[in-house]
Amino acid sequence: MRTVRCAWATSAPDYMDYHDGEWGRPVRDDDGVYERLCLEAFQSGLSWLTILRKRENFRKAFAGFRIADVAEFGEDDVARLLSDTGIVRNRAKIEAAIANARAARDLPGGIAAFVWRYADPGAPVPATMADVPATTDGSKALAKDLKRAGFRFVGPTTAYALMQAIGLVNDHIADCVVREEITAALRA
């Protein structure tokens, strides 16, 4: 039985749980995609471990990342979020999360259908983490199209992290213990 994991997953139990149970598994519902997009944007410039450890606080603060609810947030909510020590208190990121909920709400067909157009099932299988890119032509196109649709804080690196997180690409290394499971889930 395989025991190899992607190297980043071995440095903390929170990483291992996220790696083994979530990272790269297909997320096809609008609120789930929106949550991952928000968390990836909040992670910008920070450790992903910080975001994982604050994730439940983010969920409480952002109404479970329900697009319809967050799209209705106003200035009082921004003030509330800026005073919430359980989340990352960055005005630009908070305002982007709210603006992104409004943009997601207004997307014909929803955000999940929108981003899944950028799935890359033929992406090369990385042998090591050194083979995993930070951006791709697909993430650049996704970021550009998200911005065109009114989304903020969605550059090519954030877009690629989203693509990895929700299964648009399978960047588990070739020998990773969960790679085959993810590949099968993506085929289903």
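Reading the values: rules and limits
Residues numbered from 1 in each chain as written. Predicted model: local features only at pLDDT ≥ 70, side-chain atom pairs only at ≥ 80, totals over all residues. Heavy atoms only, no water. Disulfide = S-S within 2.5 Å. Helix = DSSP H or I, 4+ residues; strand = E, 2+ residues; numbered from the N terminus. Axes fitted to C-alpha atoms, helices over the stretch in contact; angles between N-to-C directions. Parallel < 35°, antiparallel > 145°, perpendicular 65-115°, else oblique. Left-handed = near helix turned anticlockwise from the far one by under 90°. Contact = heavy atoms within 4.5 Å. Nonpolar A, V, L, I, M, F, W, Y, C, P; charged D, E, K, R; others polar. Polar contact = N/O pair within 3.5 Å; in protein donor to acceptor, adjacent residues only side chain to side chain.

Visitor: Residue-level account of the state of the cysteines, with values.
Guide: Applying the stated rule across the entire model yields 0 disulfides. No disulfide involves Cys 176; its sulfur sits 3.9 Å from the nearest other cysteine sulfur, which is in Cys 6.

Visitor: Give me the lowdown on the environment of Gly 86, citing residues and values where you can.
Guide: Examined against the element boundaries, Gly 86 turns out to sit in the loop between α5 (75–82) and α6 (91–106). Between the C-alpha atom of Gly 86 and that of Met 163, which follows or precedes it by 77 residues, the distance is 26 Å.

Visitor: Run through the packing of α5 against α6, naming residues and quoting values.
Guide: Packing of α5 against α6 leaves a shortest axis separation of 10 Å and a crossing angle of 135°. It follows from the interaxial angle that α5 and α6 lie oblique. Judged by the sense of rotation from one axis to the other, the crossing of α5 with α6 is right-handed. Along the contact surface, α5 presents Glu 75, Val 78, Leu 81 and Leu 82, while α6 presents Arg 91, Ile 94, Glu 95 and Ile 98. Here the residues of the contact of α5 with α6 sort into 5 nonpolar, no polar and 3 charged.

Visitor: How would you explain the environment of Asp 77 if you had to name every residue and give the values?
Guide: Structurally, Asp 77 is set in helix α5. Reaching out from Asp 77, the side chain makes a polar contact with the backbone nitrogen of Gly 74 at a distance of 3.0 Å.

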